[in-house]
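Report on the structure
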Amino acid sequence: MTSSRIWGGRFAGGPSDIMERINASIGFDRRLAGQDIVASMAHCRMLAARGIIDSESADAILDGLEAIRQEIDTGRFEFKRSLEDIHMNVESRLRDLIGEAAGRLHTARSRNDQVATGFRLWVRDALDRLDAGLRALQSVLIERADSHAGDAVPGFTHLQAAQPVSLGHHLLAYVEMLGRDRSRVRDARARLNECPLGAAALAGTSFPIDREMTAAELAFDRPMANSLDAVSDRDFALDYLATAGIAAVHLSRLAEEMVIWASVQFGFVRLPDSFSTGSSIMPQKRNPDAAELVRAKAGRVIGDLNALLIVMKGLPLAYSKDMQEDKEPVFEAADTLDLCLAAMTGMMAEVGFDTDRMRAACGAGFLTATDLADWLVRARGMPFRDAHHVTGALVKLAEARGVGLTDLSPDDLASVSPEIGAEALAVLGLDASLASRTSFGGSAPDNVRAACAAARARFLATETAP
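Residues numbered from 1 in each chain as written. Predicted model: local features only at pLDDT ≥ 70, side-chain atom pairs only at ≥ 80, totals over all residues. Heavy atoms only, no water.

A look at the packing of helix H6 (residues 111–147) against helix H18 (residues 445–460)
Note the cut-off: Lines fitted to the C-alpha atoms define the axes, with helices restricted to the stretch that makes contact. Angles between their N-to-C directions range from 0 to 180 degrees. Every helix listed is a DSSP run of H or I at least four residues long, and every strand listed is a run of E at least two residues long, numbered separately from the N terminus. The scheme is simple: roughly parallel for angles under 35 degrees, roughly antiparallel for over 145, roughly perpendicular for 65 to 115, oblique for anything else. Left-handed is the label given to a crossing in which the near helix is rotated counterclockwise from the far helix by less than a right angle, and right-handed is the label when the rotation is clockwise. Two residues form a contact once any of their heavy atoms are found within 4.5 Å. Nonpolar residues are Ala, Val, Leu, Ile, Met, Phe, Trp, Tyr, Cys and Pro. Charged residues are Asp, Glu, Lys and Arg, and all others, Gly as well, are polar.
Here H6 crosses H18 at 160°, and the two axes come no closer than 9 Å. In terms of their interaxial angle, H6 and H18 are classed as roughly antiparallel. In this structure, H6 crosses over H18, and the sense of that crossing is left-handed. Of the residues in H18, those in contact with Arg135, Gln138, Ser139, Ile142, Glu143, Ala145 and Asp146 of H6 are Val448, Arg449, Cys452, Ala455, Arg456, Phe459 and Leu460. In terms of residue class, the contact of H6 with H18 is made up of seven nonpolar, two polar and five charged.

Remarks on the nonpolar core
We count it as follows: Nine residue types can take part in a nonpolar core, namely buried Ala, Val, Leu, Ile, Met, Phe, Trp, Tyr and Cys, and a core is a set of them joined through side-chain atoms within 4.5 Å. Partly exposed residues are those whose accessible area sits between 20% and 50% of the maximum for their type, while under 20% is buried and over 50% is exposed, using a 1.4 Å probe and protein chains only.
One finds Tyr240, Met258 and Met348 to be the most contacted residues of the largest nonpolar core, which totals 94 residues. Aside from chain neighbours lying at most four places away, what touches Tyr240 is Val123, Ala126, Leu127, Leu130, Val330, Ala333 and Ala334.

Topic: the side chain of His250
With respect to the helices and strands, His250 occurs in helix H10 (residues 235–262). The residues touching His250, leaving out its near neighbours within four places in the chain, are Tyr174, Met177, Asp181 and Arg184.

Observations concerning a negative patch on the surface
Heads up, the rule is: Each patch is built from salt-bridge-free residues with over 30% relative accessible area, joining like charges within 9 Å and nonpolar side chains (Val, Leu, Ile, Met, Phe, Trp, Tyr) within 5 Å. Per-residue and other accessible areas were derived by the Shrake-Rupley procedure at a 1.4 Å probe size, with only the shown protein chains allowed to occlude residues. By salt bridge we mean one thing: a side-chain nitrogen of Lys or Arg within 4 Å of a carboxyl oxygen of Asp or Glu. Positive residues here are Lys and Arg, negative ones are Asp and Glu, while His and the chain termini are left out of the count. For the purpose of locating charges, the reference atoms are NZ of Lys, CZ of Arg, CG of Asp and CD of Glu.
Taken together, the side chains of Asp54, Glu56, Asp59 and Asp63 make up a negatively charged region of the molecular surface. The residue Glu56 is located in helix H4 (residues 55–73) in this model. Given the relative accessible area of 63%, Glu56 is considered exposed.

Comments concerning the state of the cysteines
Counted only if it meets this: Count a disulfide wherever a pair of cysteine sulfur atoms falls within 2.5 Å.
Applying the stated criterion across every chain yields a total of zero disulfides. Cysteine Cys362 remains unbridged, with the sulfur of Cys452 as its closest cysteine sulfur at 18 Å. For Cys452, a relative accessible area of 0% corresponds to the buried category.

Here is the structure:
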């Protein structure tokens, strides 16, 4: 086997087939083609502007790179495993198209800073897609929340019915979670937005390059300050994966609630046919498969974060081939999360809420008991712990009789505490309970409507993360 063109004269023979297979990354890093070409064009223009290469060579390189981009976009480009990665595939094709001038493009750079730049550009695009996806889901949830601000649903702690809340308030909780996800997207993007190009292999270059020029052309805020750091860290990819993992967990929790609420035992929602499946044997079944898969796929995204953390944890400076393993976890996480966001956005836009069933469920489990305890504090001046004890005794009495708190007679109330009169029954109604939660961030319907308006202003007024 002859020596590889990549390595020049250093090796007398080429790699074995097994070495070629384990070493090649073109099977996955071909996804960086667009970013690699854009970065190469910026590098070429900088080299010409600084007089490092002549303008004739620069024009030929730029024309050749544009032709390669068209070949890739139209599916006519031949990706070769023997050329290892996207960078060498593009460079080799450029040489085929324009000849010797192609060799001038790699002046003052290395594949180390080349891949770091292309990967940063790709992750930046992925963060922008993630922000757009999160925003779209927020928009759907805000509209659904506004339309259900006055509908009651049991609020749960420990998956036990606790207090009645507005259904809109419940949905807005996820809007807030997704808002924090978007703030993490913004933070990750800001930290990422420094340009490695020009760091070369690890020590910079002796050529008089203009790193500010390439950084500006590629819409980076500035060049990276340390050449070793520029080529040897992937914390920007870890930032993306951490952000994606937390967002996937939030989607998983919402999906889990849809699975529970869609069950016959709850019956709070009816998932749309377009996001449900049937059973191969039981004709009555409606399976919440989209929600279940979103719930499960969070594990894949979290696993991708863990995989890259383990790859990076013990690497000395600067570049090591281990870092070739950085891209597949990010690509998989991005694909997975984009799909999950699309599924949840479509499902939540079409899900049907059975508000009558939800309201009826609020009548079970003594959900307004806390309202009575609060009334005893306000109206009778009772210490809250004493009010809590008295109300608990009433719940025990009602439970023993198999009735609700509102079904107890005035004598029943007085038997537990003379402080309680018939007027206390007024606070035990569902609508009164719901309307009473007027503290900031509380679940009163008027609060929820105001919160929807505020959420639109915070999260939807612009296309960028808040």
